[in-house]
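Listed below are the residues making up each chain.
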Amino acid sequence: MTPEELQKREEEEFNTGPLSALTQSIKNNTQGLLNCCNNKKLLGRVKAFDRRCNLVLENEREMRTEAPKSGKGKKKSKPVDKDRYIAKMFLYGNQASVVLQHPLIAGR
């Protein structure tokens, strides 16, 4: 394959293949929900990505559930939902397991 054919095929895969959710999220500047392997969820805007799904994210809200540590003789505590704001983040592609577009925007 020539470099031009390879470039065209890669662009086509980004626009119609599994990475199209990320491509559309960047074009429309919409929020996306990422489910990470460490059971964290990230809600924010994708600014850039590559073929290995490494992501540059902005205005992220990280949501996670933590089980409090219990000492000796104490009752078991209920899990606590925690979240935090992250202005900019680089996420390695092997950490992202599911990427979803905002459901109201994706239907357009």
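Bear in mind that the values here come from a model prediction, so they are computed numbers and not experimental data.

### Some details on the nonpolar core
- Counting residues in hydrophobic clusters, the biggest one holds 13 residues, and the most contacted among them are L22, L34, L42, L55, L57 and L91.
- Residue assignment for this core shows that the elements contributing at least two residues are β1 (31-36), β2 (41-49), β3 (55-66) and β4 (80-91).
- Contact partners of L55, with chain neighbours within four places excluded, come to L22, L34, V46, A48, F49, M89, F90 and L91.

### Topic: the pattern of salt bridges
- Under the definition given, this model contains 10 salt bridges.
- A salt bridge links E58 to K88; its shortest N-O distance comes to 3.0 Å. Residue E58 is found in strand β3, and its partner K88 is found in strand β4; the two are separated by 30 residues along the sequence.
- For K88, a relative accessible area of 61% puts it in the exposed group.
- Residue E62 pairs with R84 through a salt bridge whose shortest N-O separation is 2.6 Å. Taken together, the residues span a long stretch of sequence, with E62 in strand β3 and R84 in strand β4 at a distance of 22 residues.
- By relative accessible area, E62 is classed as buried at 4%.
- Taking the relative accessible area as the measure of exposure, R84 reaches 44% and is therefore partly exposed.
- Each of K40, E62, R64, E66, K82 and R84 takes part in a single network of salt bridges with overlapping partners.

What counts, and where the lines are drawn
Residues numbered from 1 in each chain as written. Predicted model: local features only at pLDDT ≥ 70, side-chain atom pairs only at ≥ 80, totals over all residues. Heavy atoms only, no water. Core = buried A, V, L, I, M, F, W, Y, C linked by side-chain atoms within 4.5 Å. Buried < 20%, exposed > 50% of the residue type's maximum accessible area, 1.4 Å probe, protein only. Helix = DSSP H or I, 4+ residues; strand = E, 2+ residues; numbered from the N terminus. Contact = heavy atoms within 4.5 Å. Salt bridge = Lys/Arg side-chain N within 4 Å of Asp/Glu carboxyl O.

Keep in mind these values describe shape, not function.
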